[in-house]
Amino acid sequence: QVQLVESGGGLVQPGGSLRLACAASGDIFRINHMGWYRQAPGKQRELVAIISKGGDTNYADSVLGRFTISRDNFGSTVWLQMSSLKPEDTAVYYCNAWSAEYQRDYWGQGTQVTVAS
């Protein structure tokens, strides 16, 4: 099994930056891709960015060019560098990991990101 713990959320002014981190533990070698999702109040959870074991990345159009996802070589930590933040980026951000062997998703507890002046 896999456990995920996020950190790095908080309050930031529009145009500012934040860096989220997600630490994975447990069967990290059975993790394939990892990613970040977010859920704003009254909205469905949506994909923000995803990174494969090989380092391939994919981003939501709304964050392309502003957010960068990265992962360490062991696959135990994934980061989301967020820049030029907008009020519409306000949401709870969740770390996600997918295991093809276990055929399931794993989720962190979420971290709040609030963009406001």
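For the structure itself, consult the block above.
First, a word on what this report is: a plain description of the structure on this page. Worth saying up front: this structure is predicted, and the values here are computed from it rather than measured.

To continue, consider the overall build of the protein chain. The number of helices and strands found in the protein chain is zero helices and eleven strands. Listing each helix as α and each strand as β along the protein chain from the N terminus yields β-β-β-β-β-β-β-β-β-β-β. Taken over the C-alpha trace, the protein chain has a radius of gyration of 14 Å; the compact-globule value for 117 residues is 13 Å, and the two agree within 12%. Seen along its three principal axes, the alpha-carbon backbone of the protein chain occupies a region of about 45 × 25 × 20 Å. Residues classed as buried in the protein chain amount to 43% of the 117 residues present. Expressed as a percentage of contacts within the protein chain between residues at least 6 apart in sequence, the contacts between residues at least 24 apart total 54%. Of the roughly 6,100 Å² of accessible surface on the protein chain, 49% is carried by carbon and sulfur atoms. Of the side chains in the protein chain, 10 bear a positive and 10 a negative charge, and the two mean positions are spaced by 2 Å.

Let us look at the sheet that holds strand β7 (residues 67-71). Strand order across the open sheet formed by four strands is β1-β3-β8-β7, with antiparallel pairing between neighbours. With partners counted over all chains shown, the strands left at the sheet margins are β1 (2-7) and β7, one partner each. The average undirected angle you get between the axes of adjacent strands in this sheet is 15 degrees. As judged from the six bridges shared by strand β3 (residues 18-26) and strand β8 (residues 77-82), these two strands associate in the antiparallel manner. Residue Leu20 lies in a different strand from β8, and its bridge partner there is Leu80.

This next bit is on the state of the cysteines. For the coordinates displayed, the defined rule picks out one disulfide. Between the sulfur atoms of Cys22 and its disulfide mate Cys95 the distance is 2.1 Å. Here Cys22 and Cys95 share a disulfide; its torsion about the S-S bond, -85 degrees, makes the bridge left-handed. Of this pair, Cys22 sits in strand β3 while Cys95 sits in strand β9 (residues 91-99), placing them 73 residues apart in sequence. Of the residues examined, Cys22 reaches a relative accessible area of 0% and is grouped as buried.

On to the packing of aromatic side chains, then. Enumeration according to the criterion identifies one aromatic pair in this entry. Centre to centre, the rings of Tyr37 and Trp107 are 5.0 Å apart; their planes meet at 70 degrees, and the pair counts as edge-to-face. Residue Tyr37 is located in strand β4 (residues 34-39), and its partner Trp107 is located in strand β10 (residues 104-107); the two are separated by 70 residues in the primary sequence. Judged by its relative accessible area of 36%, Trp107 is partly exposed. When the ring centre of Tyr94 is taken as origin, the NZ or CZ atom of Arg45, which lies over that ring, is 3.7 Å away.

The next subject is the pattern of salt bridges. By the definition in use, this model includes four salt bridges. In this structure, the salt-bridge partner of Arg38 is Glu46, at a minimum N-O distance of 2.7 Å. Residue class for Glu46 comes out partly exposed when judged on its relative accessible area of 35%. Among the charged side chains, a salt-bridge network with shared partners connects Arg38, Glu46, Arg66 and Asp89.

Parameters and conventions
- Residues numbered from 1 in each chain as written.
- Predicted model: local features only at pLDDT ≥ 70, side-chain atom pairs only at ≥ 80, totals over all residues.
- Heavy atoms only, no water.
- Helix = DSSP H or I, 4+ residues; strand = E, 2+ residues; numbered from the N terminus.
- Rg over C-alpha atoms; globule rule 2.2 N^0.38 Å.
- Buried < 20%, exposed > 50% of the residue type's maximum accessible area, 1.4 Å probe, protein only.
- Contact = heavy atoms within 4.5 Å.
- Areas by Shrake-Rupley, 256 points an atom, 1.4 Å probe, with all protein chains shown as cover.
- Lys, Arg positive; Asp, Glu negative; His and termini not counted.
- Charge placed at Lys NZ, Arg CZ, Asp CG, Glu CD.
- Pairing = 2+ DSSP bridges.
- Axes fitted to C-alpha atoms, helices over the stretch in contact; angles between N-to-C directions.
- Disulfide = S-S within 2.5 Å.
- Phe/Tyr/Trp six-rings, centres within 6.5 Å; stacked < 30°, edge-to-face > 60°.
- Lys NZ or Arg CZ within 6 Å of the ring centre and 35° of its normal.
- Salt bridge = Lys/Arg side-chain N within 4 Å of Asp/Glu carboxyl O.

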